[in-house]
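Residue-level listing of the chains:
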Amino acid sequence: MDVILILLAAGLLSWPLGRYMTAVFAGAPHWSDKVFAGPERLMLRLFGVDGRAGMNWRQYGLAFVAANLLLGIIAYVLLLCQHLLPLNPDNVGPLSWDLALHTAVSFLTNTNQQHYSGQLQLSFFSQSVVLVTLQFLTPAMGLALALAVLRGMTGGLNSATAKAGEPRNLGNFYQDSLRAFTRVLLPLSVVLALLLGSQGVPSNYQAATEAVLLEAPQSAEQAQIQRIPQGPVAAMVAIKQLGTNGGGWYGPNSTNPLENPTPLSNALQTIALVLVPMAMLWMMGGMLSRTASVNAAAASQAGLTPHTGLTPRAGQGFARMSFAVMAVLSLCFVAAAVYSEMQPNAAFAGLGASGGNLEGKEVRFGTDLSALWSTLTTQTSNGSVNAMHDSLNPLAGLISRAGMLINAIWGGIGCGLINFIVYIWLSVFIAGLMIGRTPEMFGRKLEKTELSWLGLLLVLPSAVILILTAITLSVPEWTANSNPGLHGISQVFYEYTSAFANNGSGFEGLGDNTPWWNLSTVLALLLGRYLPLLIPLIIAGRLAQKPVTPPGAASLPLQSLTFGVTVVVVILLLNFLSFLPSMVLGPIGEALVDLR
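Residues numbered from 1 in each chain as written. Predicted model: local features only at pLDDT ≥ 70, side-chain atom pairs only at ≥ 80, totals over all residues. Heavy atoms only, no water.

**So, the packing of helix α3 (residues 57–80) against helix α4 (residues 97–108)**
Here's step 1: In the contact formed by α3 and α4, the axes pass within 9 Å of each other and the chain directions differ by 140 degrees. Judged on the interaxial angle alone, α4 and α3 are oblique. Handedness of the crossing formed by α3 with α4: right-handed. For the pair formed by α3 and α4, the contact residues are N68, L71, G72, A75, Y76, L79 and L80 on the first element and W97, A100, L101, T103, A104 and L108 on the second.
Here's step 2: Of the residues in the contact of α3 with α4, the class split is 10 nonpolar, three polar and no charged. (Axes fitted to C-alpha atoms, helices over the stretch in contact; angles between N-to-C directions. Helix = DSSP H or I, 4+ residues; strand = E, 2+ residues; numbered from the N terminus. Parallel < 35°, antiparallel > 145°, perpendicular 65-115°, else oblique. Left-handed = near helix turned anticlockwise from the far one by under 90°. Contact = heavy atoms within 4.5 Å. Nonpolar A, V, L, I, M, F, W, Y, C, P; charged D, E, K, R; others polar.)

Have a look at this one:
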């Protein structure tokens, strides 16, 4: 019942949030302008940016890359020098150069893969200033890229007057990113941080509290006093969940009772995992519908042929179809994971232990809520945990891997929607082959160049993940896994999958704070973040400049049930064919061994 209520709450809350986001990014006057427009103009002026200037896809992409490069350099230097900076009451020392690089890139790519234990190896300044800043800005920039792709799919903001082949206005990267930060992520995070604070999540800048143990130490090596780190935890936890970031204040993440103390805090954090990604689908529907209406009116006033590739009704229907596809896949994955964790752990066979698999779980949350979190956190590229994924039964472990490999069931903020649109383009192409029609979306044809870019995106995940996994397993000194056999392979595969999918979760027990692991996962982090965002931007920019083909009897209705089923089949089939051998050598093999 708890699982159902949490999913219902997330779905119901996402709809009004999606409508609000539609109004914020529509470009028309909105009540939020009275609160945020002044500070936004001031910030843009301080950075010398004209937020009113439109950008084509090249300008938008270059602005995104330049902003990320600057932020990455600043974050890396600050992490290296954290021992020289303020807000360090526990006198935390510097990070090694490779760990600082991995941490900077991990948070820059909205992954938050942590090869360190936050409360022990990072200062308050590094956590609450450097990392939390990136946790706000990186999802905001991802949302901005999604907006640009959506505008490109419908011809750009100037589609009503621009001719075929002319540059298209996809918006302004800095304006879009700033609005995502100030009007969406920041207000939501303030509300959630206050709610978490009311549940007992720390929110202070005090040094670690020292507590005297009630029982005397058993040996001289054991300390009599326990140090309990604190800090502005609630603020970081709020944006880690809402921004699909996942990096927590404490090493154990949301399994730690200070980071996730009560059933209510657990429910709030679980809802926050999927809230914004769900809302983005309703935002997409609203934007497509508004774009169709505005373009038709503007074209009529200019005496031009109205835009015929998209109607307001089709735009809303496309969003509903997209939500239904993701919801079906998500619910099936959740049901399978919950069922898996209700089964006993095979390691306890013959010991007289009954009940579900409680290894690696907080007893206060149990198997169902732990399985729900593990499924949603890998669907949304969040990566936070309230149970240890390394202890999941094989089926639940397979589900968590599958969510990351698909990376489009809700997905990360911006990147999840973009990845889903890539699957839509691939489905349109395959459906076009089946009916003998040139693939098109909203009246714009997908031709050789666009399909070549899609082919690159199709092979990229398997190439990066499988090659890095093979290299690491071939050198045992580099592997540093804590499990033999099939599960040891899964540990390595999972780490690279998590890095490429910008998820950040892990099969813990892996000795990953080494130069090889830090540098090899940096490569996976960069390739998994920037190519899957920039290539769809290129495709959308090219589509925007193409002439619109009026819909005919053979046009594929993208909002139909038939097309929705096609998308589900394409998503599952492409990932199954790409990663079947790794599944057999991992969780499928483990399950077969357990059945013997």
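**A look at the environment of D2**
Here's step 1: Structurally, the position occupied by D2 is in helix α1 (residues 2–25).
Here's step 2: Sequence-wise, D2 and D368 are 366 residues apart; in three dimensions their C-alpha atoms are separated by 8.3 Å.

**Quick notes on α1**
The periodicity of an α-helix, 3.6 residues per turn, causes residues three or four places apart in sequence to face the same way.
Here's step 1: Here α1 spans 34 Å end to end across 24 residues, near enough to the 34 Å set by a 1.5 Å rise per residue.
Here's step 2: Of all the bends in α1, the largest measures some 25 degrees and sits at W15, one to four residues before the proline P16.
Here's step 3: Note on α1: the residue one or two positions beyond its end, G27, has a positive phi of about 90 degrees. (Expected span 1.5 Å × (residues − 1). Bend = angle between axes of the 7 residues up to and from the residue.)

**Concerning the environment of A408**
Here's step 1: In this structure, A408 sits in the loop between α12 (394–406) and α13 (415–435).
Here's step 2: Residue classification places A408 among the buried positions, given a relative accessible area of 1%.
Here's step 3: Distance from A408 to P261, taken between C-alpha atoms, is 30 Å for residues 147 residues apart in sequence.
Here's step 4: For A408, the residues in contact, after removing those within four places along its chain, are M326, G416, N419, F420 and Y423. (Buried < 20%, exposed > 50% of the residue type's maximum accessible area, 1.4 Å probe, protein only.)

**Quick notes on the pattern of salt bridges**
Here's step 1: Taken as a whole and assessed by the stated rule, the structure comprises 13 salt bridges.
Here's step 2: R183 serves as the salt-bridge partner of D33, at 2.7 Å between the closest nitrogen and oxygen. Remark: R183 occurs in helix α7 (residues 173–198) and D33 occurs in helix α2 (residues 33–46); sequence separation between them is 150 residues.
Here's step 3: Here K546 and E447 are joined by a salt bridge, their closest N and O atoms 2.9 Å apart. Linking K546 in the loop between α17 (515–544) and α18 (561–584) with E447 in the loop between β4 (444–445) and α14 (448–474), this pair joins segments that are 99 residues apart in sequence.
Here's step 4: A relative accessible area of 11% places K546 in the buried class. (Salt bridge = Lys/Arg side-chain N within 4 Å of Asp/Glu carboxyl O.)

**Some thoughts on the nonpolar core**
Here's step 1: Formed by 139 residues in total, the largest nonpolar core has its most connected members in M21, F173 and W425.
Here's step 2: Contacts of M21, omitting those with residues within four sequence positions, involve L143, V184, V276, A279, M280 and M283.
Here's step 3: With 19 residues, the next largest nonpolar core counts V105, L460, L510 and A524 among its residues. (Core = buried A, V, L, I, M, F, W, Y, C linked by side-chain atoms within 4.5 Å.)

**Details of α3**
Here's step 1: A rise of 1.5 Å per residue sets the reference length of α3, with its 24 residues, at 34 Å; its end C-alpha atoms lie 35 Å apart and thus fit the reference within 8%.
Here's step 2: Among all positions in α3, only W57, Y60, G61, A63, F64, A67, N68, G72, A75 and L79 are buried.
Here's step 3: Taken together, the buried residues of α3 touch α4, α6 (124–153), α7 and α17.
Here's step 4: Backbone nitrogen of R58 and a side-chain oxygen of the N-cap are separated by 3.1 Å at the start of α3; the cap is N56. (Polar contact = N/O pair within 3.5 Å; in protein donor to acceptor, adjacent residues only side chain to side chain.)

**Notes on the packing of aromatic side chains**
Here's step 1: Evaluated as defined, the whole model comprises 15 aromatic pairs.
Here's step 2: Ring centres 5.9 Å apart and planes at 65 degrees place the aromatic pair F124 and Y205 in the edge-to-face group. Residue F124 is located in helix α6, and its partner Y205 is located in the loop between α7 and β1 (209–212); the two are separated by 81 residues in the primary sequence.
Here's step 3: According to the relative accessible area criterion, F124 is buried, its value standing at 5%.
Here's step 4: Through a chain of ring-to-ring contacts, the aromatic side chains of Y60, F64, F173, Y174 and Y530 assemble into a single cluster. (Phe/Tyr/Trp six-rings, centres within 6.5 Å; stacked < 30°, edge-to-face > 60°.)

Just distances and angles here, no functional claims.
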